[in-house]
Amino acid sequence: MRSVERIELPFTLQDIKTAIPPHCFESSVVRSLSYFFLDIGIIAGLYALAYTLDSWFFWPFFWVAQGTMFWALFVVGHDCGHRSFSKYKWLNDLVGHLSHSPILVPFHGWRISHRTHHKNTGNIDTDESWYPISESYYNEMPAYMKFLRYQMVLFLYPLYLFKRSPGKEGTHFFPSSPLFKPSEKWDIITSTVCWGAMIALLGFLTYQWGIIWLIKYYLMPYIVFVMWLDLVTYLHHTDPDIPWYRGKDWYFLKGALSTIDHDYGFINNIHHNIGTHVAHHIFLTMPHYHLKTATEAIKPILGEYYHKSEQTIWQAFWRSLKTCHFVPDSGSPVYHQSNK
């Protein structure tokens, strides 16, 4: 049993910020847009290649490659949601919708719930996504909920958009959801309309070209995208060595350090180094293209409080899937435990 004594960090947020080169906090419109247009260009090229070849030998490769690029495009929109894409709100919102609506993500709805996650990372009671459930809650969960959470973990994101996480209520599509403030009403309506327009477009194209077209050109890449999104976000916050906090034992910096970096090999550059996640949680508005530099700068300050997995992605996923089922009902910090 690990210690549950209160832990005070031996450094401050300012100590960490001082160690980072100042340019890491600056965004470049040209550089940010270059990633957006590069992703769009690759996606268009893959569609052109798939249409030209139209071969069942090529389709599986296309689905994996295109789904991965959908995920990369999501990460661009992720920067827009954090306002790290540029210093211009209108540009962040425009590119955010252009990045997220085609992959059926309601930009503002997601942006606001993701903001809640970042403000409460590592807090068992108030975090928004991939927070652990208590042992007593686990024991009371019906079988279908356990099946979804622990066996269907790579397919949960669409459900989360409509139902949120266990124990929470609301949807990402309606202004009346408890996720949102009254002042955010029109943001939510705008994103929901854009999401609905994409659904309508897919419906029209399916009517024109048939269900097989939908499956080949959109549904299969979308499923791969969802798997990437769930895999990466799950691994960011689900690890037996990552602490979780309750009540007054939690504060922002401690929670921000309750995440873990992962190395995705050649995928790192494709999905814009989103696996470099610890620095991102400490400084939310830092552009993704500065995270690697910032991470190297803060490692000496963080010391043992910096977490990076030394396992392969699939080893880390399997380990967490088999050992991270719930946390104790009381105490702080607490760690994931296995039902066995």
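Up top you'll find the structure we're talking about.
Bear in mind that the values here come from a model prediction, so they are computed numbers and not experimental data. (Residues numbered from 1 in each chain as written. Predicted model: local features only at pLDDT ≥ 70, side-chain atom pairs only at ≥ 80, totals over all residues. Heavy atoms only, no water.)

Draft legend 1. Structural detail: the packing of aromatic side chains. Scanning the entire structure with this criterion turns up 32 aromatic pairs. Plain terms: the ring middles of Tyr47 and Phe62 are 5.5 Å apart, the flat faces sit at 55° to each other, and that makes the pair tilted. A residue pair is termed long-range when its members are at least 10 positions apart, and Tyr47 in helix α2 (residues 29-53) and Phe62 in helix α3 (residues 59-81) qualify at 15 residues. Overall, the relative accessible area of 24% leaves Tyr47 in the partly exposed class. (Phe/Tyr/Trp six-rings, centres within 6.5 Å; stacked < 30°, edge-to-face > 60°. Helix = DSSP H or I, 4+ residues; strand = E, 2+ residues; numbered from the N terminus. Buried < 20%, exposed > 50% of the residue type's maximum accessible area, 1.4 Å probe, protein only.)

Draft legend 2. View of the pattern of salt bridges. Counted according to the given criterion, the structure contains 10 salt bridges. In this structure, Arg164 engages Glu128 in a salt bridge whose closest nitrogen and oxygen atoms are separated by 2.6 Å. Taken as a pair, Arg164 in the loop between α8 (157-163) and α9 (185-209) and Glu128 in the loop between α5 (107-119) and α6 (135-140) lie far apart in primary sequence, 36 residues in all. Looking at Glu128, the relative accessible area reads 1%, which means it is buried. Where Asp239 meets Arg319, a salt bridge forms, and the shortest distance between an N and an O atom there is 3.5 Å. Of the two residues, Asp239 is situated in the loop between α10 (211-237) and α11 (252-256) and Arg319 in helix α15 (residues 313-323); the sequence distance between them amounts to 80 residues. A relative accessible area of 28% places Arg319 in the partly exposed class. Linked through salt bridges whose partners overlap, the residues forming this network are Arg83, Lys89 and Asp93. (Salt bridge = Lys/Arg side-chain N within 4 Å of Asp/Glu carboxyl O.)

Draft legend 3. Here's a closer look at empty space enclosed by the protein. If you walk through the whole model with that rule in mind, you get one cavity of 30 Å³ or more. Quantified by volume, the largest cavity comes out at close to 100 Å³. Around the largest cavity sit Trp130, Tyr131, Arg149, Tyr150, Val153, Tyr234, Thr238, Ser320, Leu321, Cys324, His325 and His336, which together line it. Broken down by secondary-structure element, the contributors of at least two residues to the lining of the largest cavity are α7 (143-151) and α15. (1 Å grid on protein atoms, 1.4 Å probe; cavity = no way out; pocket = protein on both sides within 12 Å on 5 of 7 lines; lining within 4 Å. Points joined across faces, edges and corners; volume = space filled by probe spheres on them.)

Draft legend 4. Looking closely at the packing of α10 against α15. Closest axis-to-axis distance for the α10/α15 pair is 10 Å, and the angle between their directions is 70°. Between α10 and α15, the interaxial angle falls into the category roughly perpendicular. Seen from above, α10 lies across α15 with left-handed handedness. Here Leu231, Tyr234 and Leu235 of α10 lie close against α15, whose contacting residues are Ile313, Trp314, Ala316, Phe317, Ser320 and Leu321. Here the contact of α10 with α15 is built from residues that sort into eight nonpolar, one polar and no charged. (Axes fitted to C-alpha atoms, helices over the stretch in contact; angles between N-to-C directions. Parallel < 35°, antiparallel > 145°, perpendicular 65-115°, else oblique. Left-handed = near helix turned anticlockwise from the far one by under 90°. Contact = heavy atoms within 4.5 Å. Nonpolar A, V, L, I, M, F, W, Y, C, P; charged D, E, K, R; others polar.)

Draft legend 5. Seen up close, the nonpolar core. Ranked by size, the top nonpolar core spans 59 residues in total, and within it Trp71, Phe74, Tyr157 and Phe225 carry the most contacts. Among the secondary structure elements, those contributing two or more residues to this core are α2, α3, α4 (89-100), α5, α8, α9, α10 and α15. It is α10 that provides the largest number of residues to this core, a total of 14 residues. Once you skip the residues sitting within four places of it in the chain, Tyr157 turns out to touch Phe74, Val105, Trp110, Val226, Leu229 and Asp230. If you look at the next biggest cluster of nonpolar residues, it comprises 19 residues, including Cys24, Phe283, Ala297 and Leu302. (Core = buried A, V, L, I, M, F, W, Y, C linked by side-chain atoms within 4.5 Å.)

Draft legend 6. Broad picture of the side chain of His280. Among the structural elements, His280 can be located in helix α13 (residues 278-282). Ignoring sequence-local partners within four residues, the contact set of His280 consists of His78, His82, His118 and Leu291.

Draft legend 7. Representation of the side chain of His288 in the model. The residue His288 is located in the loop between α13 and α14 (291-302) in this model. A relative accessible area of 7% places His288 in the buried class. Setting aside its immediate chain neighbours within four residues, His288 contacts Tyr35, Asp79 and His272.

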